[in-house]
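What follows is each chain in one-letter form.
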Amino acid sequence: MPVDRWSTAQVLALAPDASSAKGARSVSGAAKWAATGLTDDVLWGLCKGSGSKPYQVCVDLSGPAYRCSCPSRKFPCKHALGLLLLWASGVDGGSTAPDWVVEWQTARAAKAAKAAAPKAAAGPTDPAAAAKRAEQRGARVAAGLDELRRWLDDQVQQGLAETGNAGHRPFETVAARLVDAQAPTVAATVRRLGQVAGVGAHWSERLLGELGLVRLLVTAAGRLDELPADLAATVRSRIGFPVSSEEVLAGPPVRDRWQVLGQVDSTDDKVTTRRTWLRGVDSGRFALLLAFAAPGQAFPADVVPGTEVDADLYFHPGAWPLRALVGARHAAPVPLDTPAGAVGVRDALVQYAAALAADPWRETVPVLLAGVVPSGDGHLVDAAGDALPLTPGYDEPWWLLAAAGGRPATLAGEYGPDGLRPLAAWPDRQYQPAAAGAGAGVARRATGLPAELLSAALVGTGRRPWAGGPVPVGGRPLGVGGDDSAGSLLEAAAVAVTYLRASGTPVPGRVPVDPAPTESVPVVPPAAAARLHLLLAEGGAPGGAQVQQDLLAEWLRLAAAGPVVLPPEALPALLDAGRRSTALRPLLARLAGQRGRWLAGQRPEWGYLLDEAPAPMVPADGAPSPAVPADTTPPPVVAADATAPGSTGTVGEASVGIWETGTGGERLAYLTRLRSQCPDAGRELLESTFATESAPDRARFVEALRVGLSPADDGFLERALDDRRREVRQAAVELLRRLPGSGLRQRMADRALAVVRLDDDRLVVDPPAGCDAAMRRDGVDPQPPRGVGPGAWLLEEILAATPLATWTDLTGRPPAGLLALPVGDDWAPVLRRGWARAAVDQQDVAWADALVDGVDAPTGRQSADLPDALRWRLHELLPADRLTRLAADTLRSDPNRAHRLLGLHPGPWPDELADTVADTIGRRARGNDNTWHLAELCRLAALAMPPHYTDRISRLAEALDADGTGATEVPTRTDAARVRTVSQLAAVLAFRSEMHKEFR
C-alpha cells in the first residue's frame, strides 16, 4: 500500500527541540545520503557522518517509530528527521531493504506481538499498604488545601491592593507548600497567578476571578464524596492526584479516524509541556495528548500534526474528558488536506460554554472554525460575520494572510478568556502550522466582574464588608448564595467569572480583509519551495548565518530567471528579510507577485516593496540580462498595460490609470517598461507630471531614464539640473555624464582641455582657479576632502566627468600610451585619479585595463596614486578572463590581494580559476600556511565556485579526513580545523548543486 508523502511542516513538527530541527536541515540534502529507500511503510537510509561508516537510519511511517545507529539520545534524532525531510522533498530511492532494515522490522514485529499477548497476572500486592499510602496522601493534600483556603480568604480580607504590592513572592511560598502537600497541579496554578498580581491593566479584576476559581476548587475538594464521579475525577486531576496509564488503558477505547489538528509547547517551572490536539471524524470528540520534557529531553513523537490516523484512544476520566492516551493503531497516518467537523464562530462559543459548564477550571478548549478570514484589527470573521478576538501576541496573523490570501480557510486553535490562539490552518487544502507568537506577556482583557465584588476585594472585606446575596452579572442578578465572608465573596467571583466566560457572544461589526488578487504566474517548483523554507529557517543551510543569507540571494536569482512567484507561506519571512537587506528588494519585487504586494500594502514595515520595480536582473550564470527582459512577467498592475509583451505598444486608458493612481513602485515599473519599448513616450509622460511629483519620486523617475537613454533626453535632463532638490540634480548629472554627445559632456571636455594640454609629448597642467556657478550646476563638488588642495581637487573633479575619448583624440595614443606620457610638476597622481574615476563612471574596460596594469607595475610606484576602493572598482570592470588570470597569478604570491580579486569576481568562476583555487585549497589544507588564509579562500569558493566541483571538493575533504591512511595524497597529519573548513566548503557546494538542479 503506497504511503502518502508528508510535508516539510509535518516533519519538523516531530523535532524534539529547535536544535534537532536545525541539525535535521543540515543533513536533509541528497549529497548527505549514500543510499535511501522506502520498503512498505519503512523509510531507510545511510547518512554520511564524521566517521568512516555511515549512520543506519530507519523510520517506520506507520508509527512513527525511529532507529538510528548514531549516539544521540534524542528521538527522533537529526538523522531520522533529515531522512524524513529528504523524503518529503520527493526523494524515495530504492525499494529493496538491506539486512539491517529487515532485522529492525522483524524485531519490531516480535515486540508488538509480545505486547499484544495476554500478560501474566501481576504479583501479589498489599491492598492494606496501598490504602494506607492513599490515606496518608489524602490527609496531606487536605491539610495543604485547608491552608490554601485560609490564605485565599486572607487575601480578600486584607485587600487585593496589598496583594498586588507584595508581588509574586507570597504566591511562590504558598505554591511550594502545596508541592510539599502533594498537590502539584493546584500549586502550579497558584504560582502562575503570582505573575498576574500587580502586573498590567485590569490585574486586580483578573486576579480576583482566578483566585475565586481556586477557592471554588478547594470547596469542591472538601465535598468529593458528594460530587458525581466524573466531576470528582475532574476535581482530583485539578488538585494533582495522578491517574496511572494502566488505569486509563483499562477503560473503553474510542476508535476513530483522529485528525491531528496541531500542537503547541509551553514552558512552566523548567518543564516544557507539549499539547497536541486531535478530533475524531466519526465521534466528533476532541482529544488532548500531553507530553512533558525536562530541559535537554526530547518529546515522544506519537502523532504527526496535519495527518489523520486510525487508532484507539483511551480518555482520562472527567466531566469533560479531553486528555487521552494513544492505544492500538490500525493504519499508517495519511495527510489531512481538510479537517472535518469545522463550525462557525457562534457554534464554537456554544461548545466553549458547554465545556466550562462541565469544567469551570478549564483554561482553554479546542475549536475548529470553518471559513474564517482575519480582520484588520486582530479578529477572525466567519461567513456569517461573527468574529472572535485573537489572543495578544497572535493578533497579527501574517502567516494566515500570506497562506490564504484573505480567503476563507479552516482553522484550528485554542480558545480561552484571552481570545483565540491559532494552531494551524488549511488554506487551499494544505496544512499550514501557525507561526510562533510575538510574546503575548500578560493578557490585557478585563473579565467584567461586578463593581461591588471588585471594590470589596480591593479594599478588603475587613475594611469594607461585603453584603452577600445576588450579584448583577451581564445585566441580570445572579444568585450565588453564601454569607458575607471572604470565602463567599471568592466563590461568588468564581461563579460570576464562569458565567461571563460561558455567556460570551461573537464580536459584531468586524470586517474581514479584502482578498488578494489571483496570481497569474505559477509558484516555484515544490522542491525549490522546500529549499527556500530551509534557507529561511535558522541553521537551515551549511556555512553559518552569512553564507545562508548569500545562499538565499542566490536562490532568489535562480527563481528570478523564470516566470514564477514565491510560495505564499514564505512571504512574511522574505519580506522581513528584505526589510533588513536592501540588496534583496529588487529580487523580491520581481518574485513577490500579487500576494506579496497585497501583503506589503497592509504593513508599513513591508511598504518598501511597493516602491520597488523590476530592475535589471543578473541571472544565476552571472551574465547580465536586459534591463527589461522580453520574457519577464511584469508586476500584476502592469500586466494589463497596453505596453505588455505581445501588445501593440500604445498607451491606453489602463496605462494612464496606472501612472495616475498606482503606487510608486507600480508607476516606476510602468515607466521602465514604457521606456524599454518607446523611450520618447516614456520621457514625455514623465515630463507631463514632473512638476507635481515629490522629490524622491522625481529622483527615481529620472534614474529610470537610464533605460533607453538617448540624445533626445538631453533637453529634459538639462532642465533637471536646475531642480530645487539635490538628489534630482545628482540623478540628472549621472545620466548626462554617460550620455554620448550631451551638452554636459561637451562642457566638461572644454574645461578639461583648458587645464590640461599636450606640449612636445608631455602633459602640462594649469589647474583651475576656482569653481563657478556653471561648474556647480554640472555636478562639480567645490569642497575638497581633507588633505587635498583646492586646485588638485577641482582638476580631479573635471577629469572624472570628462569623456575619456577626449584624451585619446588629443594625443592620438591608446590609454596605455597616454598613461606613459610624462607629466609636469608632479600632477601625474591627480590625472590618474581623475581618469580612474572617469573609467569607473563610464564603464570603460580599455582604460580600466591600462590603469590596472599601471598600478600593478613591478615597481609598485603607482599603487599609492589610487585609493584602494577606487583601485578595486577598476578591477571590477575587467573581463572575467583577465580577472581570472590576475587572481590565479596572485594566489601563488600574495594571498591577501588574491582574496580581494576573487571577491570581485561575481561567480560562478570559470573552470580555469576554479581549478587553481581547488589546487590552492588542497595545498593550504596540507601545509603550514595561516589557517585564516584557508578559511577565507573556502568562504569565497563556497559561493562562487561552480556547483559541479562538489565531487572534487568532497573527495578532497574525505582524503584529508582519512589523514593519510590509504591515501597517498595526504603525506602528513592534517589539522582537524582545516578538515572541518574543507568539509564545510563541500557541504555548501553540495547544497548549491542541489539548489540549482531544483530549478531545471
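Bear in mind the structure is a predicted one, so any value in this text is a computation, not a measurement. (Residues numbered from 1 in each chain as written. Predicted model: local features only at pLDDT ≥ 70, side-chain atom pairs only at ≥ 80, totals over all residues. Heavy atoms only, no water.)

Caption draft 1: Structural context of the packing of helix α5 (residues 127–158) against helix α7 (residues 169–180). For the pair α5 and α7, the least separation of the axes is 9 Å and the interaxial angle reads 160°. Taken together, α5 and α7 sit at an angle that is classed as roughly antiparallel. The chirality of how α5 crosses α7 is left-handed. Along its contact with α5, which presents G144, E147, L148 and W151, the element α7 presents P170, F171, V174, R177 and L178. Tallied by class, residues from the contact of α5 with α7 come to six nonpolar, one polar and two charged. (Axes fitted to C-alpha atoms, helices over the stretch in contact; angles between N-to-C directions. Helix = DSSP H or I, 4+ residues; strand = E, 2+ residues; numbered from the N terminus. Parallel < 35°, antiparallel > 145°, perpendicular 65-115°, else oblique. Left-handed = near helix turned anticlockwise from the far one by under 90°. Contact = heavy atoms within 4.5 Å. Nonpolar A, V, L, I, M, F, W, Y, C, P; charged D, E, K, R; others polar.)

Caption draft 2: Just the sheet that holds strand β3 (residues 55–60), in detail. The sheet built from four strands is open, its strands ordered β1-β2-β3-β4 with antiparallel pairing. One side of each edge strand has no neighbouring strand; the edge strands of this open sheet are β1 (33–39) and β4 (65–68). Adjacent strand axes in the sheet meet at a mean angle of 10° when their direction is disregarded. (Pairing = 2+ DSSP bridges.)

Caption draft 3: A look at empty space enclosed by the protein. Under the criterion given, the structure shown has two cavities of 30 Å³ or more. Considered as a void within the structure, the second largest cavity measures approximately 30 Å³ in volume. Lining the second largest cavity are G144, E147, L148, V174, R177 and L178. Where the lining of the second largest cavity is concerned, the elements lending two or more residues are α5 and α7. Residue classes in the lining of the second largest cavity are distributed as three nonpolar, one polar and two charged. (1 Å grid on protein atoms, 1.4 Å probe; cavity = no way out; pocket = protein on both sides within 12 Å on 5 of 7 lines; lining within 4 Å. Points joined across faces, edges and corners; volume = space filled by probe spheres on them.)

Caption draft 4: How the structure looks around the sheet that holds strand β15 (residues 419–425). Taken together, the six strands give an open sheet; going across it, the order is β13-β12-β11-β14-β15-β16, and neighbouring strands pair in antiparallel fashion. Only two strands of the sheet have a single neighbouring strand rather than two, namely β13 (387–389) and β16 (432–433). Relative to β15, strand β14 (residues 409–416) runs antiparallel, the two sharing six bridges. The residue bridging E414 from the neighbouring strand is R421, located in β15. Docked against the sheet, helix α12 (residues 345–358) engages β11 (365–374), β12 (379–381), β13 and β14, running at close to 165° with respect to β11.

Caption draft 5: Inspection of the side chain of E796 at higher detail. Residue position: E796 is located in helix α30 (residues 790–800). With relative accessibility at 8%, the residue E796 sits in the buried group. (Buried < 20%, exposed > 50% of the residue type's maximum accessible area, 1.4 Å probe, protein only.)

Caption draft 6: Local environment of the packing of helix α9 (residues 203–221) against helix α15 (residues 486–502). Between α9 and α15, the shortest axis-to-axis distance is 7 Å and the interhelical angle comes to 110°. Taken as axis vectors, α9 and α15 run roughly perpendicular relative to one another. The handedness of the crossing between α9 and α15 comes out as left-handed. Only G487, L489, L490, E491, A493, A494, V497, T498 and R501 of α15 make contact with α9, whose side of the interface consists of L208, G209, E210, L211, G212, L213, R215, L216 and T219. Looking at the contact of α9 with α15, its residues break down into nine nonpolar, five polar and four charged.

Caption draft 7: Seen up close, the nonpolar core. Of all hydrophobic cores here, the largest spans 144 residues; its most connected members are W555, W835, W909, V917, I921 and M945. Ranked by residue count, the leading element in this core is helix α17 (residues 545–560), at nine residues. For V917, the contacting residues outside a window of four places in its chain are L891, L902, W909, L937, A941 and M945. Core analysis: the second largest hydrophobic core is formed by 52 residues, L217, W466, L478 and A492 among them. (Core = buried A, V, L, I, M, F, W, Y, C linked by side-chain atoms within 4.5 Å.)

Caption draft 8: Inspection of a nonpolar patch on the surface at higher detail. Residues L753, L758 and L810 make up a contiguous nonpolar surface patch of about 200 Å² in total accessible area. Structurally, L758 is set in strand β19 (residues 756–758). Given a relative accessible area of 30%, L758 falls into the partly exposed group. (Patch = residues over 30% accessible without salt bridge, like charges linked within 9 Å, V, L, I, M, F, W, Y side chains within 5 Å. Areas by Shrake-Rupley, 256 points an atom, 1.4 Å probe, with all protein chains shown as cover. Salt bridge = Lys/Arg side-chain N within 4 Å of Asp/Glu carboxyl O.)

Caption draft 9: Inspection of the packing of aromatic side chains at higher detail. Summed over all chains, the structure comprises eleven aromatic pairs. Seen in terms of ring centroids, W555 and F999 are 5.4 Å apart; in terms of plane orientation they differ by 65°. Their pairing is edge-to-face. Of the two residues, W555 sits in helix α17 while F999 sits in the segment after α41 (976–997), which places them 444 residues apart along the sequence. With relative accessibility at 22%, the residue F999 sits in the partly exposed group. Centroid distance F690 to F716: 5.1 Å. Interplanar angle 80°. Geometry classified as edge-to-face. Linking F690 in the loop between α24 (679–689) and α25 (695–704) with F716 in helix α26 (residues 714–720), this pair joins segments that are 26 residues apart in sequence. (Phe/Tyr/Trp six-rings, centres within 6.5 Å; stacked < 30°, edge-to-face > 60°.)

Caption draft 10: Molecular detail of the side chain of S28. Turning to its location among the elements, S28 is positioned in the loop between α2 (18–26) and β1. When neighbours within four sequence positions are excluded, S28 is seen to be in contact with W33, G82, L85, L86 and L534.

Caption draft 11: Main features of the pairing of strand β7 (residues 286–293). Among the eight residues that make up β7, six are buried, leaving the element largely enclosed by the rest of the structure. Joining the antiparallel neighbours strand β6 (residues 271–280) and β7 is a turn of five residues, in which G284 adopts a positive phi near 75°.

Caption draft 12: Quick look at the pairing of strand β2 (residues 42–47). A large share of β2 lies buried, amounting to five of its six residues. Two successive antiparallel strands, β1 and β2, enclose a turn made up of two residues, where D40 displays a positive phi of approximately 55°. Taken together, the six bridges between β2 and β3 define a ladder with antiparallel strand orientation. Bridging across to β3, G45 finds its partner in V57.

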